[in-house]
Amino acid sequence: NGLYASASFDKNTSEVMIKAVNVGKNIVPINLKINGILPVPSNATLITLKGGGLQEVNSFEDPNKIAPVESQLLTDGNALQIPLQPLSLTVIKFHV
(Lines give C-alpha, C1' and ligand atoms only; values in the text may rest on other atoms or scores of the structure.)
Protein backbone atom coordinates (compact mmCIF):
# COMPACT_ATOMS: atom_id res chain seq x y z
CA ASN A 1 0.00 0.00 0.00
CA GLY A 2 3.04 2.35 -0.13
CA LEU A 3 3.10 3.08 3.59
CA TYR A 4 6.30 3.08 5.67
CA ALA A 5 6.50 3.95 9.37
CA SER A 6 8.80 3.98 12.39
CA ALA A 7 8.43 4.95 16.03
CA SER A 8 10.90 6.11 18.66
CA PHE A 9 10.99 7.32 22.25
CA ASP A 10 13.26 10.07 23.56
CA LYS A 11 14.02 9.43 27.25
CA ASN A 12 15.43 12.95 27.71
CA THR A 13 12.24 14.71 26.61
CA SER A 14 9.72 11.88 27.34
CA GLU A 15 8.45 12.27 23.80
CA VAL A 16 7.10 9.58 21.48
CA MET A 17 7.65 10.27 17.79
CA ILE A 18 5.98 8.32 14.99
CA LYS A 19 7.05 8.98 11.41
CA ALA A 20 4.96 7.74 8.50
CA VAL A 21 5.56 8.09 4.77
CA ASN A 22 2.78 7.60 2.23
CA VAL A 23 4.38 7.14 -1.20
CA GLY A 24 1.03 6.34 -2.81
CA LYS A 25 -1.33 8.59 -4.75
CA ASN A 26 -4.28 8.10 -2.36
CA ILE A 27 -5.06 9.09 1.21
CA VAL A 28 -4.32 6.24 3.63
CA PRO A 29 -6.34 6.39 6.86
CA ILE A 30 -4.51 4.93 9.85
CA ASN A 31 -5.66 4.12 13.36
CA LEU A 32 -3.04 4.17 16.10
CA LYS A 33 -3.65 2.71 19.56
CA ILE A 34 -1.52 3.92 22.43
CA ASN A 35 -1.07 1.06 24.89
CA GLY A 36 1.07 0.90 28.02
CA ILE A 37 1.17 4.65 28.64
CA LEU A 38 -0.68 6.15 31.59
CA PRO A 39 -2.04 8.71 31.52
CA VAL A 40 -2.81 8.68 27.80
CA PRO A 41 -1.93 12.09 26.30
CA SER A 42 -4.97 14.24 25.41
CA ASN A 43 -3.36 15.70 22.30
CA ALA A 44 -0.54 15.20 19.86
CA THR A 45 1.38 17.41 17.44
CA LEU A 46 0.97 16.52 13.78
CA ILE A 47 3.56 17.76 11.26
CA THR A 48 2.91 17.06 7.57
CA LEU A 49 5.26 17.66 4.65
CA LYS A 50 3.75 17.11 1.21
CA GLY A 51 3.70 18.35 -2.31
CA GLY A 52 1.19 18.21 -5.13
CA GLY A 53 3.26 15.81 -7.22
CA LEU A 54 6.60 14.13 -7.63
CA GLN A 55 7.93 16.92 -9.86
CA GLU A 56 7.23 19.76 -7.41
CA VAL A 57 10.24 21.49 -5.88
CA ASN A 58 10.96 24.60 -3.88
CA SER A 59 12.52 27.46 -5.83
CA PHE A 60 13.77 30.99 -5.22
CA GLU A 61 10.45 32.25 -6.61
CA ASP A 62 8.39 29.88 -4.41
CA PRO A 63 10.58 28.74 -1.48
CA ASN A 64 7.64 27.42 0.56
CA LYS A 65 5.89 25.38 -2.11
CA ILE A 66 6.73 22.28 -0.08
CA ALA A 67 6.87 23.19 3.61
CA PRO A 68 5.91 21.49 6.87
CA VAL A 69 2.45 22.25 8.26
CA GLU A 70 1.96 21.79 12.00
CA SER A 71 -1.36 21.20 13.73
CA GLN A 72 -2.74 19.73 16.94
CA LEU A 73 -4.57 16.43 17.06
CA LEU A 74 -6.90 15.40 19.89
CA THR A 75 -6.75 11.82 21.06
CA ASP A 76 -9.87 9.73 21.60
CA GLY A 77 -9.03 7.69 24.68
CA ASN A 78 -5.97 5.71 23.63
CA ALA A 79 -6.65 6.02 19.89
CA LEU A 80 -5.54 8.37 17.12
CA GLN A 81 -7.16 8.46 13.69
CA ILE A 82 -5.02 10.12 11.05
CA PRO A 83 -5.53 10.41 7.28
CA LEU A 84 -2.06 10.25 5.70
CA GLN A 85 -2.01 12.51 2.67
CA PRO A 86 -0.72 11.22 -0.68
CA LEU A 87 3.02 11.64 -1.31
CA SER A 88 3.65 12.86 2.22
CA LEU A 89 5.77 12.53 5.33
CA THR A 90 3.79 12.80 8.57
CA VAL A 91 5.31 13.11 12.04
CA ILE A 92 3.17 12.53 15.13
CA LYS A 93 4.65 13.65 18.47
CA PHE A 94 3.30 13.48 21.98
CA HIS A 95 4.68 13.72 25.53
CA VAL A 96 4.21 10.92 28.02
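Here, every reference points to the structure presented above.
A quick note: this is a predicted structure, and the numbers were derived from the prediction, not measured.

(A) Examining the overall build of the protein chain more closely. Regarding its fold elements, the protein chain presents zero helices and seven strands. Shown N-terminal to C-terminal, the secondary structure of the protein chain runs as helices and strands in the order β-β-β-β-β-β-β. Within the protein chain, the proportion of its 96 residues that are buried is 29%. Look at the contacts in the protein chain between residues 6 or more apart in sequence, and 68% of them connect residues 24 or more apart. The protein chain carries 7 positive and 7 negative side-chain charges, and their two centres are separated by 8 Å.

(B) Examining the sheet that holds strand E2 (residues 15-22) more closely. Taken together, five strands build an open sheet; the order of strands is E1-E2-E7-E4-E5 and the sheet is antiparallel. Single-partner strands in this sheet number two, and they are strand E1 (3-10) and strand E5 (69-74). The sheet shows a mean angle of 20° between the axes of neighbouring strands, direction not considered. Looking at chain direction, E1 and E2 are connected through eight bridges and run antiparallel.

(C) Structural view of unusual backbone geometry. Phi angles above zero are rare outside glycine, and Ser14 is one such case at about 55°. With respect to the helices, strands and loops of the structure, Ser14 is situated in the loop between E1 and E2. On the accessibility criterion, Ser14 (27% relative accessible area) is partly exposed.

What counts as what
- Residues numbered from 1 in each chain as written.
- Predicted model: local features only at pLDDT ≥ 70, side-chain atom pairs only at ≥ 80, totals over all residues.
- Heavy atoms only, no water.
- Helix = DSSP H or I, 4+ residues; strand = E, 2+ residues; numbered from the N terminus.
- Buried < 20%, exposed > 50% of the residue type's maximum accessible area, 1.4 Å probe, protein only.
- Contact = heavy atoms within 4.5 Å.
- Lys, Arg positive; Asp, Glu negative; His and termini not counted.
- Charge placed at Lys NZ, Arg CZ, Asp CG, Glu CD.
- Pairing = 2+ DSSP bridges.
- Axes fitted to C-alpha atoms, helices over the stretch in contact; angles between N-to-C directions.

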